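Remarks on the overall topology
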Amino acid sequence: MPAAAWLDHFDVRCRRGIGDAVGMEYVSRVPRPPLDGLIDDLYYLEGAPPYARLTLPPTPAALLIVNLGMPFRIRAGTAVETAEYADGCVVTMPTRAFEFGYPPETRSVGVHFKPWGLAPFLRMPAAELCDRPVTVEQVWGRPATAELRDRLATADGPHEMLTLLEEELMRRLCGTAGLGMVRHTSSVIAATRGAVAIGDLRAATGVSSTHLAQRFKELIGVTPKRLARTYRFAAAVFSINPAEPVDWGDLAGRAGYFDQAHFGHEFRAFTGLTPTRYLEVRRRFLREHPGHVLDSWPLPAD
């Protein structure tokens, strides 16, 4: 999986691995309004993954993948069995690391949603899917999913594919009760990278904490507090330069954690790894696949 686009907004681009024996193509673009208020980017991904299994730590984003190649597999948490996805998958904002198992060659188009952005395209509360990925067919139905995959598979190149996907999303976009409040509150959390008092947010909305939490769980899948924790964690991890020594105490303080122990506890809760082990695995990826298009967030699980 490419890194979460919320920290990396960009126009249409195409990147291939540099200095890597096996290349992957990743093309992305920001959709037109009003989708740009719900989506960070639409993307196309094709090629041989750097590892057969990749761990994807949680980020403040939801994900839709329309698979056009061989099935891939997802394990959502250590206590969950691995499941196979042929047509693709829908993932609301995760609270734990996912493990993706790829075929030797993968090909897909997808959407990186803002945390609240998936809600207008779901027909069930987001909380029902929290840490439980489902197939695209389960959300949009078999005939519609099959037709979309056929159209994408026969499109003339990545950019036409992204246009087709954007048109499908525009067609499916519908009004969602409470989305404005959740979007505004989430945007404040995002702007502060999680460093905001949830009580202040509740007071600003003029609703009870129970009502606000309920709306968040319906539309995002998690509470405002959990969303803030995820933004803070992701911002801290993206601030790490694996090529240099890391002062974990200083990093924890700048990210707003009580102390280094608090940071370490959060790190293990989100990734299953200690900070130093994470750094070892990240450095392994960069050493074995320098310049790869997936080198900024996923971790080798092998």
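Here the structure is shown first, and the text comes after it.
Structure report, in brief. Computed from a predicted model, the values in this text were never measured in an experiment.

Rules used in this analysis
- Residues numbered from 1 in each chain as written.
- Predicted model: local features only at pLDDT ≥ 70, side-chain atom pairs only at ≥ 80, totals over all residues.
- Heavy atoms only, no water.
- Helix = DSSP H or I, 4+ residues; strand = E, 2+ residues; numbered from the N terminus.
- Rg over C-alpha atoms; globule rule 2.2 N^0.38 Å.
- Contact = heavy atoms within 4.5 Å.
- Areas by Shrake-Rupley, 256 points an atom, 1.4 Å probe, with all protein chains shown as cover.
- Salt bridge = Lys/Arg side-chain N within 4 Å of Asp/Glu carboxyl O.
- Buried < 20%, exposed > 50% of the residue type's maximum accessible area, 1.4 Å probe, protein only.
- Core = buried A, V, L, I, M, F, W, Y, C linked by side-chain atoms within 4.5 Å.
- Pairing = 2+ DSSP bridges.
- Axes fitted to C-alpha atoms, helices over the stretch in contact; angles between N-to-C directions.
- Parallel < 35°, antiparallel > 145°, perpendicular 65-115°, else oblique.
- Phe/Tyr/Trp six-rings, centres within 6.5 Å; stacked < 30°, edge-to-face > 60°.

With that settled, consider the overall build of the protein. Across its full length, the protein holds ten helices and eleven strands. Radius of gyration (C-alpha) of the protein: 19 Å, near the 19 Å computed for a compact globule of 302 residues. With respect to the three principal axes, the spread of C-alpha positions in the protein is 50 × 45 × 35 Å. Contacts in the protein between residues at least 24 apart in sequence constitute 72% of all its contacts with a sequence separation of at least 6. When the accessible area of the protein is evaluated, it comes to approximately 12900 Å², of which 52% is carbon and sulfur surface.

Let us now look at the pattern of salt bridges. Taken as a whole and judged by the stated rule, the model has 16 salt bridges. The partner of Glu166 in a salt bridge is Arg29, and the shortest N-O contact between them spans 3.3 Å. In this pair, Glu166 sits in helix H3 (residues 158-172) while Arg29 sits in strand S2 (residues 24-29), placing the two residues 137 residues apart along the sequence. On the basis of relative accessibility, which here comes to 13%, the residue Arg29 falls in the buried class. The shortest N-O distance in the salt bridge between Arg32 and Glu166 comes to 2.9 Å. Remark: Glu166 occurs in helix H3 and Arg32 occurs in the loop between S2 and strand S3 (39-47); sequence separation between them is 134 residues. Judged by relative accessible area, which is 40%, Arg32 ranks as partly exposed. Through salt bridges that share partners, Arg151, Glu168, Arg171 and Arg172 make up one connected network.

Let us look at the nonpolar core. A general trend in soluble globular proteins is that nonpolar side chains are found buried together. Judged by nonpolar contacts, the single largest core of 48 residues is most densely connected at Phe113 and Leu169. Of all the elements, H3 adds the most residues to this core, at five residues. Apart from the residues lying within four places of it in its own chain, the contact partners of Leu169 are Leu35, Ile39, Leu42, Val111, Phe113, Phe121 and Trp140. Core analysis: the second largest hydrophobic core is formed by 39 residues, Phe72, Val91, Ala234 and Ala252 among them.

Glancing now at the environment of Thr274. Here Thr274 shows up in the loop between helix H9 (260-271) and helix H10 (275-288). Judged by relative accessible area, Thr274 falls into the partly exposed class, the value being 30%. Residues Thr274 and Tyr26 lie 248 residues apart in sequence; the distance between their C-alpha atoms is 30 Å.

Time to look at the sheet that holds strand S9 (residues 98-101). The strand order across the open sheet formed by five strands is S7-S6-S9-S4-S11, and the pairing between neighbours is antiparallel. Here the strands that pair on one side only, and so sit at the sheet edges, are strand S7 (83-85) and strand S11 (299-300). Summarising the sheet, strand S6 (residues 72-76) and S7 pair through three bridges and their orientation is antiparallel. Counterpart to Arg73 in the pairing with S7 is Glu84.

The next point concerns the packing of helix H4 (residues 179-191) against helix H6 (residues 209-219). At their nearest, the axes of H4 and H6 sit 10 Å apart, and the two run at 95 degrees to each other. Overall, the two elements H4 and H6 adopt an arrangement that is roughly perpendicular. Within the contact between the two elements, H4 uses Leu179, Met181, Val182, Thr185, Ser186 and Ile189 and H6 uses His211, Leu212, Arg215, Phe216 and Leu219.

Okay, the pairing of strand S10 (residues 106-113) next. In terms of burial, S10 is a largely internal element, seven of the eight residues being buried. Pairing analysis gives eight bridges linking S3 to S10, with the strands arranged antiparallel. Along S10, the bridge assignment pairs Glu46 with Arg107.

A few words now on the packing of aromatic side chains. Centre distance and the angle of the planes are the two values used to describe a pair of aromatic rings. Scanning the entire structure with this criterion turns up 13 aromatic pairs. Between Phe233 and Phe267, the aromatic rings sit 5.4 Å apart at their centres with planes inclined by 75 degrees, giving edge-to-face as the arrangement. Of this pair, Phe233 sits in helix H7 (residues 224-238) while Phe267 is found in helix H9, placing the two residues 34 residues apart along the sequence. Per residue, the accessibility class of Phe233 equals that of Phe267, and both read buried. Ring geometry for Phe263 and Phe267: centres 5.4 Å apart, planes at 85 degrees, overall edge-to-face. Of this pair, Phe263 and Phe267 both sit in helix H9, four residues apart, which is roughly one turn of the helix. In terms of burial, Phe263 and Phe267 fall into one category: buried.

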